[in-house]
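Structure assessment
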Amino acid sequence: MGKFQVMDHPLIQHKLTIIRDKNCGTKVFREVVDEIAMLMAYEVSRDLPLESVEIETPMGKTTQQTIAGKKVAIIPILRAGIGMVDGILQLIPAAKVGHIGMYRDHDSLEPVEYFVKLPSDIDTRQLLVVDPMLATGGSAILAVDALKRRGGTNIKFVCLVAAPEGVKALQEAHPDVDIIAASLDEKLDENGYIFPGLGDAGDRLFGTK
Ligand SMILES: O=P(O)(O)OC[C@H]1O[C@H](OP(=O)(O)OP(=O)(O)O)[C@H](O)[C@@H]1O
Ligand SMILES: O=c1cc[nH]c(=O)[nH]1
Ligand SMILES: [Mg+2]
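Note that the structure is a prediction, hence the values are computed from the model and not measured.

**Overview of the overall build of the chain**
Counting secondary structure elements, the chain contains six helices and 13 strands. Its C-alpha radius of gyration of 18 Å places the chain within 12% of the 17 Å reference for a compact globule of 209 residues. Here the C-alpha coordinates of the chain stretch approximately 65 × 40 × 30 Å along the principal axes. When each of the 209 residues of the chain is scored for burial, the buried share is 46%. Intrachain contacts of the chain at a sequence separation of at least 6 include 64% that bridge at least 24 residues. Carbon and sulfur atoms make up 53% of the accessible area of the chain, which totals about 10700 Å².

Here it is in structure tokens:
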């Protein structure tokens, strides 16, 4: 079973409270989502492999550590996942970015895939699928399916708010995928929205409602 980790760092919890507030406007919402994603990237990149390199400091030759060959690709699930990309790129600037477009049908709650554009070498990269919301888990599961079908093997899912239902569904469908969240919330409501959650992340990020 993949690991499920909640990053309960005080800075992350504080920032999450700011964006949960319904009075938080688009500008601040977007900025703070980016900041949380950057803080999460610190933990998400913890197990990137290191290798030894010879360098010379002003004091002489030495062997030091550098991030090894394995490279990262960030895969936002459109639209809301886009809000997390720049924050992660601040810490991992050489990462490539692939996009998976998906929307959740409002009645059935089933995800519908409408766009996939990925780096050509996803089979050799650490893939970070990012989406602020893990609700029923349908979108995350379909996104991981899409990556595996194209050769992706090393996959983590990074979200801000997770519902217990979504964590369970993603773990059952893809037990090899670790999940990292900023919060495990209470439940899904009768419309499939996370409670207390932060509402519709895509609409709040892009000001579409
Ligand atoms: O776990 P699930 O039940 O699949 O729900 C989560 C998905 O729903 C939201 O996207 P939405 O369909 O609203 O698309 P948008 O980002 O374009 O607004 C969210 O950003 C996730 O992708
Ligand atoms: O609470 C939710 C659930 C799905 N998608 C969202 O944007 N918010
Ligand atoms: Mg939405």
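**Quick look at the nonpolar core**
Core analysis: the biggest nonpolar cluster contains 37 residues, and Leu16, Ile19, Ile36, Met40, Ile88, Leu160 and Leu198 have the highest contact counts within it. Those elements giving two or more residues to this core turn out to be helix H1 (10–20), helix H2 (26–44), strand E4 (71–78), helix H3 (85–91), strand E8 (125–130), strand E10 (154–162), strand E11 (178–184) and helix H6 (201–206). Among the elements that take part in this core, H2 stands out by supplying eight residues, more than any other. Ile77, Ala162, Leu170 and Ala181 belong to the second largest nonpolar core, which has 25 residues in total.

**Quick word on the site of ligand 2**
The environment of ligand 2 is formed by Arg104, Met133, Ala135, Gly192, Tyr193, Ile194, Gly199, Asp200 and Ala201. A distance of 2.8 Å separates an oxygen atom of ligand 2 from a polar atom in the backbone of isoleucine 194. Here glycine 199 contributes a backbone N or O atom positioned 2.8 Å from a nitrogen atom of ligand 2. Taken by itself ligand 2 offers 240 Å² of open surface, and the protein chains cover 88% of this. Most atoms of ligand 2, that is more than half of them, are within 2 Å of grid points of the largest pocket. Residues of the shell around ligand 2, tallied by class, amount to five nonpolar, two polar and two charged.

**Brief notes about unusual backbone geometry**
With an omega of -10°, the peptide bond running from leucine 78 to arginine 79 counts as cis. Looking at where arginine 79 falls in the secondary structure, it is placed in the loop between E4 and H3. In this structure, proline 196 follows phenylalanine 195 across a cis peptide bond, with omega equal to 0°. Checked against the element boundaries, proline 196 lands in the loop between strand E13 (194–195) and H6.

**Some details on the UniProt feature "binding site: uracil" (unreviewed entry) in the chain**
Under the UniProt annotation, "binding site: uracil" (unreviewed entry) lies at Ile194, Gly199, Asp200 and Ala201. Of the annotated residues named above, the ones that line the largest pocket are Ile194, Gly199, Asp200 and Ala201. Of note, isoleucine 194 is situated in strand E13. Apart from residues no more than four positions distant in its own chain, isoleucine 194 is found in contact with Met133, Leu134, Ala135, Val161, Ala162, Ala163, Asp185, Lys187 and Leu188. Mapped onto the elements of the fold, alanine 201 is located in helix H6. When sequence neighbours within four positions are dropped, the list of residues in contact with alanine 201 reads Phe29, Ala80, Pro132 and Met133.

Calculation notes
Residues numbered from 1 in each chain as written. Chains lettered and ligands numbered in written order. Predicted model: local features only at pLDDT ≥ 70, side-chain atom pairs only at ≥ 80, totals over all residues. Heavy atoms only, no water. Helix = DSSP H or I, 4+ residues; strand = E, 2+ residues; numbered from the N terminus. Rg over C-alpha atoms; globule rule 2.2 N^0.38 Å. Buried < 20%, exposed > 50% of the residue type's maximum accessible area, 1.4 Å probe, protein only. Contact = heavy atoms within 4.5 Å. Areas by Shrake-Rupley, 256 points an atom, 1.4 Å probe, with all protein chains shown as cover. Core = buried A, V, L, I, M, F, W, Y, C linked by side-chain atoms within 4.5 Å. Near = heavy atom within 4 Å. Polar contact = N/O pair within 3.5 Å; in protein donor to acceptor, adjacent residues only side chain to side chain. 1 Å grid on protein atoms, 1.4 Å probe; cavity = no way out; pocket = protein on both sides within 12 Å on 5 of 7 lines; lining within 4 Å. Sits in = over half its atoms within 2 Å of the grid points. Nonpolar A, V, L, I, M, F, W, Y, C, P; charged D, E, K, R; others polar. UniProt positions renumbered as here; feature names shortened; annotations may be inferred.

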